[in-house]
Amino acid sequence: MPSNRTNNQEDPKRPDQIHRRPARPYDNELAEYMIILTIVWSLYALLTKRPWCAWLSLCSAVRCFAVSPVGNKQGICCIMLAISAITLCYLEKSLPTVLEFFEDYFSKN
């Protein structure tokens, strides 16, 4: 009965091509900066109704979630804040600009 080989050094297929990558250390400062950037961009987008700020907050939230360790609830909360900023920026304008022009024109007369 053949033995199960768990060690990659004993692999007869390509033993010279097996290179292990070292584990990346968790960068705590970058995650904290991304959390702050997410909050700043999201609040700015919510206050000024600018969608590009909301999209920047989503990008920084995804980056924050990517560099955070597994099971980070702050990263998920940042993504939820960014998504809510995006939806509120686009849902706030319910009428197209042409209809808003006619509303203003007819309300003056």
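Just above, that's the structure.
Parameters and conventions
- Residues numbered from 1 in each chain as written.
- Predicted model: local features only at pLDDT ≥ 70, side-chain atom pairs only at ≥ 80, totals over all residues.
- Heavy atoms only, no water.
- Axes fitted to C-alpha atoms, helices over the stretch in contact; angles between N-to-C directions.
- Helix = DSSP H or I, 4+ residues; strand = E, 2+ residues; numbered from the N terminus.
- Parallel < 35°, antiparallel > 145°, perpendicular 65-115°, else oblique.
- Left-handed = near helix turned anticlockwise from the far one by under 90°.
- Contact = heavy atoms within 4.5 Å.
- Nonpolar A, V, L, I, M, F, W, Y, C, P; charged D, E, K, R; others polar.
- Core = buried A, V, L, I, M, F, W, Y, C linked by side-chain atoms within 4.5 Å.
- Buried < 20%, exposed > 50% of the residue type's maximum accessible area, 1.4 Å probe, protein only.

(A) Structural detail: the packing of helix H2 (residues 51-67) against helix H3 (residues 73-91). At a minimum axis separation of 8 Å, H2 and H3 run at an interaxial angle of 165°. Between H2 and H3, the crossing angle belongs to the class labelled roughly antiparallel. Crossing hand, H2 versus H3: left-handed. Mapping the contact onto sequence places Pro51, Ala54, Trp55, Ser57, Leu58, Ala61, Val62, Cys64 and Phe65 in H2 and Gly75, Ile76, Cys78, Ile79, Ala82, Ile83, Ala85, Ile86, Cys89 and Tyr90 in H3. Here the residues of the contact of H2 with H3 sort into 17 nonpolar, two polar and no charged.

(B) The nonpolar core, seen in detail. Counting 14 residues, the largest nonpolar core has Ala45, Ala54 and Ala61 as the members making the most contacts within it. Mapped onto this core, the elements with two or more residues apiece are helix H1 (28-48), H2 and H3. When residues of this core are assigned to their parent elements, the largest contribution, six residues, is made by H3. Residue contacts for Ala61: discarding those within four places in its chain leaves Thr38, Cys78, Ile79 and Ala82.

(C) Representation of the packing of H1 against H3 within the structure. At a minimum axis distance of 9 Å, the contact between H1 and H3 shows a crossing angle of 20°. Looking at the two axes, H1 sits roughly parallel to H3. Crossing hand, H1 versus H3: left-handed. Contacts between H1 and H3 involve Ile35, Thr38, Ile39, Ser42, Ala45 and Leu46 from the first element and Gln74, Cys78, Leu81, Ala82, Ser84, Ala85, Leu88 and Cys89 from the second.

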